[in-house]
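What follows is each chain in one-letter form.
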Amino acid sequence: QLLAEGAVQALRQRNDDGGGPLILAAVGQLQFEVVQARLESEYGVESKLEPIGFNIARWADGGWDEVDKADKDGKLFGTMIVQDRWQRPVLLFRNDWKAEAVANEEDYLQLKTWSKPPAFDE
């Protein structure tokens, strides 16, 4: 329910079917604190947040093939490659410099600061 409300986004390692660790992404520290407080007050669950050292997320609209190409070519060194809840590629960066360098030099990745709504078949 907390994820559906949009306070934070859930990211996972690529090809994780839900059994691996959940990576929470938020705009700021306050969102993490709100989620922790709600987990405890509404669900009676204590939680522990552990920062992973990446502060910038970019969605790779170029898709997984382009991410794999950049990774194979060594362009994503120091970057964490994860997926969002719709299994779309997300790159996590430690700093603005690296995010901007990859966005400019590997423009085929089509890095975006936001995610588009998923396409649903009607």
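Anything mentioned here points back to the structure above.
Residues numbered from 1 in each chain as written. Predicted model: local features only at pLDDT ≥ 70, side-chain atom pairs only at ≥ 80, totals over all residues. Heavy atoms only, no water.

Chemist: Looking at this model, I keep getting lost on the pattern of salt bridges. Mind explaining?
Modeler: Two side chains that carry opposite charge are able to pair once their charged atoms sit near each other. On inspection of all chains with the given rule, the structure shows seven salt bridges. The closest approach of N and O atoms between Asp68 and Arg14, which form a salt bridge, is 2.4 Å. A residue pair is termed long-range when its members are at least 10 positions apart, and Asp68 in helix H3 (residues 64-72) and Arg14 in the loop between strand S1 (9-13) and strand S2 (23-25) qualify at 54 residues. In this structure Asp68 comes out as partly exposed when scored by relative accessible area, which is 31%. Here Arg14 falls in the partly exposed class, since its relative accessible area comes to 31%. In this structure, Lys69 engages Asp73 in a salt bridge whose closest nitrogen and oxygen atoms are separated by 3.4 Å. By relative accessible area, Asp73 is classed as partly exposed at 43%. The network of salt bridges with common partners includes Glu5, Arg38 and Glu42. (Salt bridge = Lys/Arg side-chain N within 4 Å of Asp/Glu carboxyl O. Helix = DSSP H or I, 4+ residues; strand = E, 2+ residues; numbered from the N terminus. Buried < 20%, exposed > 50% of the residue type's maximum accessible area, 1.4 Å probe, protein only.)

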